[in-house]
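Understanding the architecture of this molecule
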Amino acid sequence: MTHFDAVLIGAGVNTLAAALHLSARGQRVAVFEQADVPGGAVKTGDYTLPGFRHDWAAMNLSLFAGSPFFKTYGAELMKHGLAFVPVNRPFASSFADGIHVGVSMDLEETASLIAALSPKDAATWRALVAGFGAQAPHLFGLLGSPMNMRALAYFLFRTWRAKGLTGTLEFTRFLLSSPRSWLSETFENPQVRAMLASWGMHLDFAPDIAGGAMFPYLEGMAGQAFGMVIGAGGADTIVRALLAAIRARGGVVDCGVAVQRITHQNGRATGVVLTDGRQITATKSVIAGIAPRALPRLTGGTTPAHDAQMTRFAHAPGTMMIHLALSDLPEWRAKGLKSFAYVHIAPSLDQMARTYQQASAGLLPDEPILVVGQPTVFDPTRAPEGQHTLWVQVRMAPSTILGDAKGEITARDWPNAAAPFAARALDILEAHAPGTRAKTLAQRIVTPLELEADNPNLVGGDQVCGSHHLTQNFLFRPGLGLADGTTPITNLYLTGAAVWPGAGTGAGSGYLLARKLVGP
Ligand SMILES: Cc1cc2nc3c(=O)[nH]c(=O)nc-3n(C[C@H](O)[C@H](O)[C@H](O)COP(=O)(O)OP(=O)(O)OC[C@H]3O[C@@H](n4cnc5c(N)ncnc54)[C@H](O)[C@@H]3O)c2cc1C
């Protein structure tokens, strides 16, 4: 079949969510994915040894599980096999000398871990947790709503009604704050601050970037209130279920074939041309789940102003992934760390700021930040009995290597720099969890360029498909007037992590767009 109502480019969570909603409203949809395996940044595979299932990129599915999309389609997806594993100890940080602090769903446990560093901060944490119920509707309301002047005005009006003028201005000040300014005003202990600031580094909110305070706050509070969820057997549980649900409704998902060109006539999108030569017609919409920079190439150009906006869309520094197959879990110096899903090794705000600055300047950071995921603590099915997988995210890494901040690695290309840079990261892990190397049965390093080769949306290994700094967020994501995915070509829409509300597995932009097109 070559005629559809909607044609979607790329099988990432946003396009798949959009495809399911459009199918549910009676549209005939087709999704075309250039990779052999669907899911984009949400994929799972035996990347080291048979029987060891590693999440290629995203591991934490809390955004998906908490999304408006899941609220509507969760039951349908579960019928198609979607299964989560709940995590009660979502994250912690490891510091030198075996010190650790973390967040458990048990408030008493979190408070006692924080109190060991600062009784005052433990009291502050309790107060923040007590106030979260009042803050959450405002923040989640903002993040879940379409982004335009009307929606923003309504959000401000609602906030003003609930909080008054002073409260609204304070809330706005918080939204504009950098992680460092909010954390320094709020907590006294540097390690408690670092534990939370490390969440900013999952995006490109290094400690001194304005607008970044919201993420440490939200991740901290949500971790406390809801824990985390990971996929049963792997993060790809959501992709497999989405595919099955779309196909059950008559939709098509075709992998291993790229969209080469978006066709349009008289300012209206008409379909796509595939790399295998097929011409596909879309009568109602073409939905491109691609990086903005790819749009002018695929369309042959829209308007000069729009092309310029797409071309200047800025990407964040890259990520390197290290997947380990282990004979046993790491023995952390701080014993308690064994039971957390994520262990951040990010010693201080200053070091995080330095790492970000070095990666942005094209340098391999002297001390990269590690996010060490321990999925098999909660989901032992991902490895042979008694054995484990480790998911190590190395933040941050330059896409083009101009030098080494430590002056040790001479290679300036990823094929040659990967091994020594990974060794640097694993030395850091070894210092916090001695003996991990000896337990390593196999490893797979994925450089920023390999991330991009697998999924062209991860430009330079940018895991969030575009910087989320204030100039490229809210009304400006991916460009002014474009936060609803519209383009100058009628019926052609952009979706994915580059479009408001941005990165993550929450399927936000795809579901917002689909509802805009066919209603709730
Ligand atoms: C290393 C890493 C770790 C992450 N960890 C987490 C996490 O733990 N939790 C979380 O919530 N988020 C995480 N994220 C972010 C999150 O996974 C992504 O923001 C999200 O999955 C992006 O979804 P998307 O819909 O934008 O599409 P993508 O996942 O970017 O997929 C886009 C798809 O489009 C395809 N495509 C592109 N161009 C074409 C074309 N011309 N023709 C056909 N197909 C094309 C690509 O091959 C790709 O499959 C992580 C990301 C990375 C990279």
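Refer to the preceding data block for the structure.
Worth saying up front: this structure is predicted, and the values here are computed from it rather than measured. (Residues numbered from 1 in each chain as written. Predicted model: local features only at pLDDT ≥ 70, side-chain atom pairs only at ≥ 80, totals over all residues.)

So, the pairing of strand S8 (residues 228–231)
Residue alternation in S8 divides its side chains into two sets, Met228 and Ile230 and Val229 and Gly231, and both sets are buried. With 4 bridges joining them, strand S5 (residues 84–87) and S8 adopt antiparallel strand pairing. Looking at the pairing, Pro86 lines up with Val229 of S8. (Buried ≥ 20, exposed ≤ 12 C-beta atoms within 10 Å, placed from the backbone. Helix = DSSP H or I, 4+ residues; strand = E, 2+ residues; numbered from the N terminus. Pairing = 2+ DSSP bridges.)

Looking at unusual backbone geometry
Glycine aside, negative phi is the norm for most residues, and most peptide bonds take the trans geometry. The omega torsion of the bond from Arg395 to Met396 falls at -5°, within 30 degrees of zero and hence cis. With respect to the helices, strands and loops of the structure, Met396 is situated in strand S17 (residues 388–397). With an omega of 0°, the peptide bond running from Trp500 to Pro501 counts as cis. Along the chain, Pro501 turns up in the loop between strand S20 (492–494) and helix H17 (508–518).

A short note on the environment of Ile287
Along the chain, the position of Ile287 falls in strand S12 (residues 279–288). Of the residues examined, Ile287 has 31 C-beta atoms within 10 Å and is grouped as buried. For the pair formed by Ile287 and Phe157, sequence separation is 130 residues and the distance between their alpha carbons is 32 Å. Filtering out sequence-adjacent residues up to four positions away, Ile287 remains in contact with Ala6, Leu8, Ile9, Thr15, Ala18, Tyr493, Thr495 and Leu513. (Contact = placed C-beta atoms within 7 Å.)

A closer look at the sheet that holds strand S6 (residues 91–94)
Strands pair in a sheet through their backbones, by hydrogen bonds, and they do so in one of two ways: parallel or antiparallel. If you walk across this open sheet you meet the 7 strands as S7-S6-S14-S16-S17-S13-S19, and the pairing is mixed. Each of the sheet's edge strands pairs with one partner strand only, and the pair in question is strand S7 (100–103) and strand S19 (440–446). On average, adjacent strands in this sheet sit at an angle of 20° to one another, irrespective of strand direction. Sheet topology places strand S14 (residues 342–345) next to strand S16 (residues 369–373); 4 bridges connect them, and they run antiparallel. Each bridged residue has a counterpart across the sheet, and for Ile345 the counterpart in S16 is Leu370. Across the sheet, helix H13 (residues 349–360) lies against S16 and S17, angled at about 70° from S17, the strand it touches most. (Axes fitted to C-alpha atoms, helices over the stretch in contact; angles between N-to-C directions.)

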